[in-house]
Each structure stands twice: as structure tokens, then as C-alpha cells.
Amino acid sequence: AQSVTQLDSQVPVFEEAPVELRCNYSSSVSVYLFWYVQYPNQGLQLLLKYLSGSTLVESINGFEAEFNKSQTSFHLRKPSVHISDTAEYFCAVTITGGGNKLTFGTGTQLKVEL
Amino acid sequence: EPEVTQTPSHQVTQMGQEVILRCVPISNHLYFYWYRQILGQKVEFLVSFYNNEISEKSEIFDDQFSVERPDGSNFTLKIRSTKLEDSAMYFCASSELSSYNSPLHFGNGTRLTVT
């Protein structure tokens, strides 16, 4: 079975600073990887995904994540965060044939301070 | 943009009582899901539903749980006899297809508190 580890439960950062949210996965078969974001009092929204092709994927609001097969990682980065990026971020994985049955990490609370 | 809606946002119930959590998926979606998140723990898959049948369920989804699409719009999760450990945030989701390439759209969740 696959699993996802997000080691950082909380990441405080000042506005305009860079941030990296870490995600490592474990699976014996090929995976598809996702980052979801949950803003306060809202549902989870897909931020970006890696399915195949280029290992670097980007979102429309400046986040990017790089799939690293050798390190089994899919870290999320943003070069300059904004106060509006304050949210909880979840890394998730599914496997070939797994469809939309996602395995999530425990989430990382990103708190952007002025 | 169409969205998945869940009601109620917060439900408090006593142990042993039955609860029904309600969801209205996006209208042209065919696949429906329930996930839950116990406080401080991971978001966990419970069940997927397609064509009026359960297509997959997790070990968590035992006999006390059931799902139903009673009409053309609602998708419900019933817990027959709630336990303290059922306290969690329950998320409904829907997708057009079951493929990983068809993203899940989640509702805002129902926080269930069992006392």
C-alpha cells in the first residue's frame, strides 16, 4: 500500500519569503501525485498535480512542485509567499488503477505573517 | 464555478444515534466519494460510488456506514449507531470520471461531533 509523509505540521513564514513544504511518498508501483489546499472554512481544492512528463509542475498562483523519483519526494515551493497563501496544504498520492482513491498526508499548516 | 455543497456544516449527536450527512455533488459528475479527517490525523478515503453502487470502500467503511443517492441530486452518508471515534470532519467529493486525471471537487465538509 502507498503512504504519504508530511513531516512539517506547521510552517510559519514572513510575507515575501520563500517557502518549501515537504512531501515524501512510499509506493511499490508508479504513482500520481497531488497537492491540495484548504483555505479556512472551505473544502480541499486541487493546487497542482504530477501525472507524467515534466517533473516540474506549476500552479496558477505561483506554487511549483517537483517530482523526484529517486528521493520519492514531491515538495511544494513558492519563491515569495503572500498573506493570502495562509492555508493547510495536503499532499496526496494515487496509483495506476487507483482512480480517485487518494491517500493523503497529514497536512501542513502554512501561516504567512507580516 | 459549480461546487459541491454539504449540509449541515456542523452536527452534534449523542453516541448510539443515527446521523445522515448530506451532499449535493456537481451536477454533471458521475463519481462520488466520502472522505473523513479525524482531528490531527490524515484525510482518509471511505467510499466511492458510481451508477448507484459502491465501487470501492475502505476498511473503515464497515456495516454501520451506508451511502445512498436517494434522488438525482443528493448523495448521503448514514452512520447507523454513532461512536465517539466517529467524530471527524467528513468531506464529500465528486468527479466527472474515476480517472486520476479527473480531479476531485470537494465540499467544505461536515464536522461531526459525537458526545
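Summarised in this report is the structure supplied together with it.

Rules behind the numbers
Residues numbered from 1 in each chain as written. Chains lettered and ligands numbered in written order. Predicted model: local features only at pLDDT ≥ 70, side-chain atom pairs only at ≥ 80, totals over all residues. Heavy atoms only, no water. Disulfide = S-S within 2.5 Å. Helix = DSSP H or I, 4+ residues; strand = E, 2+ residues; numbered from the N terminus. Buried < 20%, exposed > 50% of the residue type's maximum accessible area, 1.4 Å probe, protein only. Contact = heavy atoms within 4.5 Å. Salt bridge = Lys/Arg side-chain N within 4 Å of Asp/Glu carboxyl O. Polar contact = N/O pair within 3.5 Å; in protein donor to acceptor, adjacent residues only side chain to side chain. Phe/Tyr/Trp six-rings, centres within 6.5 Å; stacked < 30°, edge-to-face > 60°.

Residue and element names in this part refer to chain B. Enumeration according to the criterion identifies two disulfides over all chains in this entry. Each sulfur of the disulfide joining Cys23 and Cys92 lies 1.9 Å from the other. Its torsion about the S-S bond being -65°, the disulfide of Cys23 and Cys92 is classed as left-handed. Here Cys23, found in strand E3 (residues 19-24), pairs with Cys92, found in strand E9 (residues 88-95); they are 69 residues apart in sequence, far enough to count as distant. Classification of Cys23 by relative accessible area gives buried; the value is 1%. We classify Cys92 as buried; its relative accessible area is 0%.

This part takes up the interface of chain A and chain B. Residue-level contacts link 21 residues of chain A with 21 residues of chain B. Across the pair Glu56 of chain B and Lys101 of chain A runs a salt bridge, and its minimum N-O distance is 3.1 Å. Scanning the region where chain A abuts chain B turns up nine residue pairs in polar contact (both at pLDDT 80 or more). Where the side of chain A that touches chain B is concerned, the elements lending two or more residues are strand E5 (31-38), strand E6 (44-50) and strand E10 (87-95) of chain A. With four residues, the single largest contributor to the side of chain A that touches chain B is E5 of chain A.

With that out of the way, let us pick up the packing of aromatic side chains. All names here are of chain A. With the rule as written, the count across this model stands at 17 aromatic pairs over all chains. Where Phe63 meets Tyr89, the ring centres are 5.4 Å apart and the plane angle is 45°; that geometry is what we call tilted. Note that Phe63 is positioned in the loop between strand E7 (56-58) and strand E8 (64-68) and Tyr89 in strand E10, a separation of 26 residues in sequence. Assigned by exposure class, Phe63 and Tyr89 land together as buried.

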